[in-house]
Amino acid sequence: VGVLRAARRLANRAAWQQTVAIAEYARRRQAAFEAAKAKGLPVGCRDAEVPGEELAMELVDTGAYTGSRIDAAVELTARLPETLAGMAAGVIDLDRACTIAAPTAVMTDPDAAHADQVLAAAAPELRPDQLARKAAALEMKLAPEAVRARKELARRLGQRVEARREESGNASLSGREVDTADVI
C-alpha cells in the first residue's frame, strides 16, 4: 500500500507540473493573440486564436478536454494557491483540483480565496464525489447568481444528445446539459 500511495503522490506532482506548463502555454498564446489583434489582423488569421485546439493536436486529445484543462490551469495558477500547493505536494490529484477550479471560476477573488482554503484542506480526505458536492454547496452559498447564470449558459450552449459505444459493444444515449424538469 505504501508503494501505491507513493506512486499516487508522484502522479499528482506530475499533474501539477503539467498544470503549470499548460498555464504558461495559455499565457503565451494569449499574448500572441493580443499582439496579432493589435496589429489589426482579421479574425481567422490571428495567431493563437484557438489554443485549446492547438494543444489538443500536441497532446492527441479533444479540443474540449484541452480547453477545459487550459481553463483549470489558469484558474489554479492565478487564484487557487492552496490547491496548487496541494498538487505540488502530491496530496491533491488533477480530478480534485479541477473539481475545485470549476466552481471558483464564477466567484469573486475573495470568495475564490475562501473556497480555495476550505476545499484544498478537505480535498485529500474526500472522495471525488464528496468533494464535488462540497464544492457545489460552497459555490451556491458564495455566488448563487453566478451559479444560475453559469447553468443557463451551459444549458443554452451545451445542450445536446450524445451517442457512444459502450465497452460491451452496445450503444448508449445521453442527454447533456438538459433541464431537469424536461427530463422528468
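Residues numbered from 1 in each chain as written. Predicted model: local features only at pLDDT ≥ 70, side-chain atom pairs only at ≥ 80, totals over all residues. Heavy atoms only, no water.

**Looking at the packing of helix 6 (residues 109-122) against helix 7 (residues 128-142)**
Spelled out, the test is: Lines fitted to the C-alpha atoms define the axes, with helices restricted to the stretch that makes contact. Angles between their N-to-C directions range from 0 to 180 degrees. Strands here are runs of E lasting at least two residues and helices are runs of H or I lasting at least four, both read from the DSSP assignment and numbered beginning at the N terminus. Any angle that is under 35 degrees is reported as roughly parallel, and any over 145 degrees as roughly antiparallel; angles of 65 to 115 degrees are reported as roughly perpendicular and all others as oblique. Each crossing gets its hand from how the near helix is turned against the far one by less than a right angle, where anticlockwise is left-handed and clockwise is right-handed. We call two residues contacting when some pair of their heavy atoms lies within 4.5 Å. Throughout this entry, Asp, Glu, Lys and Arg are counted as charged residues, while Ala, Val, Leu, Ile, Met, Phe, Trp, Tyr, Cys and Pro are counted as nonpolar. The remaining residues, Gly among them, count as polar.
At a closest axis distance of 11 Å, the pairing of helix 6 and helix 7 adopts a crossing angle of 160°. In terms of their interaxial angle, helix 6 and helix 7 are classed as roughly antiparallel. The element helix 6 and its partner helix 7 pack so that their crossing is right-handed. Mapping the contact onto sequence places Asp111, His114, Ala115, Val118, Leu119 and Ala122 in helix 6 and Leu131, Lys134, Ala135, Leu138 and Leu142 in helix 7. Here the residues of the contact of helix 6 with helix 7 are counted per class, giving eight nonpolar, one polar and two charged.

**Focus: the side chain of Thr66**
The test is simple: Classification of residues uses two cut-offs on accessible area relative to the type maximum, computed with a 1.4 Å probe and protein chains only: under 20% is buried, over 50% is exposed, and between them is partly exposed. A 3.5 Å cut-off defines polar contacts: any pair of N or O atoms within that distance qualifies, except that in protein one atom must be a possible hydrogen donor and the other a possible acceptor, and neighbouring residues in sequence count only when both atoms are side-chain atoms.
One can find Thr66 in helix 3 (residues 63-79). Classification of Thr66 as buried rests on a relative accessible area of 0%. Here the side chain of Thr66 touches Gly52 through a polar contact of 2.5 Å, landing on its backbone oxygen. Excluding anything up to four places from it in sequence, Thr66 contacts Gly52, Leu55, Ala56, Leu59 and Asp61.

**So, helix 4 (residues 81-89)**
Selection criterion: Think of the arc as the fan of directions from the helix axis to the C-beta atoms.
Burial in helix 4 covers these residues: Thr83, Leu84, Gly86 and Met87. In an axial view of helix 4, the angular spread of the buried residues amounts to 155°, which keeps them on one side of the axis. Every exposed residue of helix 4 that faces more than 90 degrees away from the buried side is listed here: Pro81 and Ala89. Turning to helix 4, the residues buried within the fold contact helix 1 (2-38), helix 3, helix 5 (94-104) and helix 6. In the segment just after helix 4, Gly90 is the residue with positive phi, at about 85°.

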